[in-house]
There are 2 protein chains.
Amino acid sequence: MISSMDNLKIKSLLKLKQAKYRKQEQKFIVEGTHLVSEARMAGVLIEAYSIEEKEGYIQVSEGIMKKICNTDSVVKDLGLCKMLTKSELSDKVLILDGVQDPGNMGSLMRSACAFGFDTIFIGTGSVDIYNDKVIRSSQGAIFKLNFLFGNICDFLKTLNHKVYGTNVVNGISLTEVKKEKRVAIILGNEGNGISKEVQDLGLENIYIPMKNMESLNVAVAGSIILYKFSI
Amino acid sequence: MISSMDNLKIKSLLKLKQAKYRKQEQKFIVEGTHLVSEARMAGVLIEAYSIEEKEGYIQVSEGIMKKICNTDSVVKDLGLCKMLTKSELSDKVLILDGVQDPGNMGSLMRSACAFGFDTIFIGTGSVDIYNDKVIRSSQGAIFKLNFLFGNICDFLKTLNHKVYGTNVVNGISLTEVKKEKRVAIILGNEGNGISKEVQDLGLENIYIPMKNMESLNVAVAGSIILYKFSI
């Protein structure tokens, strides 16, 4: 059983709490028995750690587990995972332009997965998708999606999809939008919406008809639109 | 300018950080210039406080403001508000059975307001709606809705609405649901869904058709259903 913080494996795990090292190592951590088993099924599990002695797990002390994990509740198992990126594109693509809240990012992953948007393009300025709160909110969706990263304007040039931006007022009402075989939906930042650089490409925007409120939560608004393209 | 923590007004404000005192006093705090002005428009503002010297505001030191507010960022203004409850019911009612996450609660308020569910019934076991995180996520919707509180089973007996529960698999698909003039939608807890006590009434459930995921975030799922009944 590992109980020393000086252990090299533990030191590497602790480093992965920082986005910089996750990116450099192309590795990330998942917390909890359920996510470890999802990571295993997805073929991205490198090593599993547990506070219990069991086959296939490296045993660590409770103290070590608490230091690595970020939750207040006790986590029994954690998994060290490798990042996987495939270049293939699904017919439905979700593009995130500066979504910053980890809960929103995780919820959007769940919805994207549930509604067949199997590729998510993460634009510069969005929260790191391998952040522990994102992974927790994603409820395993992170293992079922393909993620691409980079500049949205460059990415849009390569797309053979009908592209829609989203805006709280202007554009086409969601009730009028036609179903498309290949569609890409762009969602913007919680406070500022889609960045000027991307809007300046001359996006066609979708809005959700509503009253008494100026806007919806971005995960909510995005998911309503994804749902609409799934039915 | 008030700069002492012993000031009686400040002591009362600090107490309101606890749900118990908010309930007892029937008062709550909103943070930020925008929410203070929304509270004023809604007629629930009792007093306004600011770190700046300006008319209609009681000036407090920055130190005091930091102690009262819960955000990391600097808040300039805050408002002391009174809780208002009307007994009237809207045609569309949202019922929350143990929604626990403040962000979900706030997002659901925004959606309820946007989609005409102007009455929200808060069942026992839900997060306090006057929690600072809920208020922040609600983006002002908290001032535009009517809230009722109590036991859901008792409340349902008084309703003259078509009542739908929500469930991840069983029931009627959302694509098949008919529009209703008077409808009540029940959403359950993030982890456990609708409580057994309420399910045992023999609810007709709505599910959202999805693939690859077992469930959606409750604010997302709820909002998709509210949207459907608004169009």
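Residues numbered from 1 in each chain as written. Chains lettered and ligands numbered in written order. Predicted model: local features only at pLDDT ≥ 70, side-chain atom pairs only at ≥ 80, totals over all residues. Heavy atoms only, no water.

K.L.:
Help me understand the overall build of chain A in this model?
P.N.:
Looking only at helices and strands, one finds nine helices and 11 strands in chain A. Here chain A has a C-alpha radius of gyration of 19 Å; the compact-globule value for 231 residues is 17 Å, and the two agree. If one aligns the C-alpha atoms of chain A with their principal axes, the spans along those axes are about 60 × 40 × 30 Å. Of all 231 residues assigned to chain A, the portion counted as buried reaches 52%. In chain A, once contacts between residues fewer than 6 apart in sequence are set aside, the share between residues at least 24 apart is 75%. (Helix = DSSP H or I, 4+ residues; strand = E, 2+ residues; numbered from the N terminus. Rg over C-alpha atoms; globule rule 2.2 N^0.38 Å. Buried < 20%, exposed > 50% of the residue type's maximum accessible area, 1.4 Å probe, protein only. Contact = heavy atoms within 4.5 Å.)

K.L.:
Where do I start with the relation of the copies chain A and chain B in this structure?
P.N.:
Between the two chain copies there is a screw-like relation: a rotation about an axis and a shift along it. It takes a turn of 180° to lay chain A on chain B, together with a shift of 0.0 Å along the axis; the resulting RMSD is 0.0 Å. With respect to symmetry, the two chain copies, as superposed, fit the operation of a two-fold axis. With an isologous cut-off of 70% or more, the 100% of interface residues of chain A that recur at the interface of chain B puts this contact in the isologous class. (Least-squares fit on C-alpha atoms with pLDDT ≥ 70 in both.)

K.L.:
Looking at this structure, how should I read the interface of chain A and chain B?
P.N.:
Much of the literature gives interface size as the accessible area that the parts lose upon coming together. Contacts between the two partners involve 29 residues from chain A, matched on the other side by 29 residues from chain B. Taken over both partners, the interface formed by chain A and chain B buries close to 2,400 Å², and the fraction arising from carbon and sulfur atoms is 64%. The three residues of chain A that bury the most area against chain B are Arg110(A), Met213(A) and Tyr227(A), which together make up 25% of that side's buried surface. We note a salt bridge from Asp118(A) to Lys211(B), for which the minimum N-O separation is 3.4 Å. Counting the contacts that link chain A with chain B gives 12 residue pairs in polar contact (both at pLDDT 80 or more). Put simply, the parts of the chain that give the side of chain A that touches chain B at least two residues each are α5 (102-114) and α9 (218-230) of chain A. Here the residues of the side of chain A that touches chain B are counted per class, giving 15 nonpolar, 10 polar and four charged. (Buried area = accessible area lost by both parts, 1.4 Å probe. Salt bridge = Lys/Arg side-chain N within 4 Å of Asp/Glu carboxyl O. Polar contact = N/O pair within 3.5 Å; in protein donor to acceptor, adjacent residues only side chain to side chain. Nonpolar A, V, L, I, M, F, W, Y, C, P; charged D, E, K, R; others polar.)

K.L.:
How do you make sense of the environment of Val36(B) when you look at a structure like this?
P.N.:
Residue and element names in this part refer to chain B. Mapped onto the elements of the fold, Val36 is located in helix α3 (residues 33-41). Val36 sits in the buried class, given a relative accessible area of 0%. Residues Val36 and Leu78, 42 residues apart in the sequence, show an inter-C-alpha distance of 6.2 Å.

K.L.:
So what exactly am I meant to see when it comes to the pattern of salt bridges here?
P.N.:
Pairing is possible between side chains that carry opposite charge, provided their charged atoms lie close to one another. Under the counting rule described, the total for this entry stands at 26 salt bridges over all chains. Where Arg136(B) meets Asp132(B), a salt bridge forms, and the shortest distance between an N and an O atom there is 2.5 Å. Of this pair, Arg136(B) and Asp132(B) both sit in helix α6 (residues 132-138), separated by four residues, roughly a single helical turn. The shortest N-O distance in the salt bridge between Glu204(B) and Lys162(B) comes to 2.6 Å. Taken as a pair, Glu204(B) in strand β11 (residues 204-207) and Lys162(B) in strand β8 (residues 162-166) lie far apart in primary sequence, 42 residues in all. Exposure remark for Lys162(B): the relative accessible area of 27% places this residue in the partly exposed category. Among the charged side chains, a salt-bridge network with shared partners connects Glu52(A), Lys54(A), Lys76(A) and Asp77(A).

K.L.:
Hey, could you run me through the packing of aromatic side chains in this one?
P.N.:
For any two aromatic rings, the description comes down to two numbers: the centre-to-centre distance and the angle of the planes. Residues and elements named next belong to chain A. In the structure shown here, the tally under the stated rule is 10 aromatic pairs over all chains. Arranged with centres 5.6 Å apart and planes meeting at 65°, the rings of Phe115 and Tyr227 form a pair that is edge-to-face. Of this pair, Phe115 sits in the loop between α5 and β6 (119-123) while Tyr227 sits in helix α9, and the two are 112 residues apart along the sequence. Exposure remark for Phe115: the relative accessible area of 2% places this residue in the buried category. (Phe/Tyr/Trp six-rings, centres within 6.5 Å; stacked < 30°, edge-to-face > 60°.)

K.L.:
How do you make sense of the sheet that holds strand β1 (residues 27-31) of chain A when you look at a structure like this?
P.N.:
The strands that make up a sheet pair up through hydrogen bonds in the backbone, lying either parallel or antiparallel. The strand order across the open sheet built from four strands is β1-β4-β2-β3 (chain A), with neighbouring strands paired in mixed fashion. Each end of this open sheet is capped by a strand with a single partner; those strands are β1 and β3 (58-59) of chain A. (Pairing = 2+ DSSP bridges.)

K.L.:
Any chance you could explain the sheet that holds strand β2 (residues 45-50) of chain B here in plain terms?
P.N.:
Residue and element names in this part refer to chain B. An order of β1-β4-β2-β3 is seen for the four strands of this open sheet, with the pairing classed as mixed. The sheet is open, and its two edges are formed by β1 (27-31) and β3 (58-59), each paired on a single side. Of the strand pairs in this sheet, β1 and strand β4 (residues 77-82) are connected by five bridges, and their pairing is antiparallel. Pairing of Glu31 across the sheet is with Leu78, part of β4. Each of β1, β2, β3 and β4 is contacted by helix α1 (residues 8-15), which is oriented at about 105° to β2, the strand it contacts most. (Axes fitted to C-alpha atoms, helices over the stretch in contact; angles between N-to-C directions.)

K.L.:
How should I be thinking about the side chain of Ser138(B) in this particular structure?
P.N.:
Mapped onto the elements, Ser138(B) comes out in helix α6. A residue is classified by how much of its surface remains accessible, and Ser138(B), at 0% relative accessible area, is buried. Ser138(B) has contacts with Met213(A), Gly106(B), Met109(B) and Arg110(B), leaving out every residue within four places of it along the chain.

K.L.:
I keep staring at the packing of helix α5 (residues 102-114) of chain B against helix α9 (residues 218-230) of chain B and nothing clicks. Help me out?
P.N.:
Two packed helices can be described by the angle between their axes and the distance between those axes. All names here are of chain B. Two elements in contact, α5 and α9, have axes separated by 9 Å at closest approach and are oriented at 10°. By the criterion of interaxial angle, the relationship of α5 to α9 is roughly parallel. Only Val218, Ala219, Gly222, Ser223 and Leu226 of α9 make contact with α5, whose side of the interface consists of Asn104, Ser107, Leu108, Ser111 and Ala112. Each residue belonging to the contact of α5 with α9 can be placed in one class, and the counts come to five nonpolar, five polar and no charged. (Parallel < 35°, antiparallel > 145°, perpendicular 65-115°, else oblique.)

The analysis is restricted to geometry; functional conclusions fall outside its scope.
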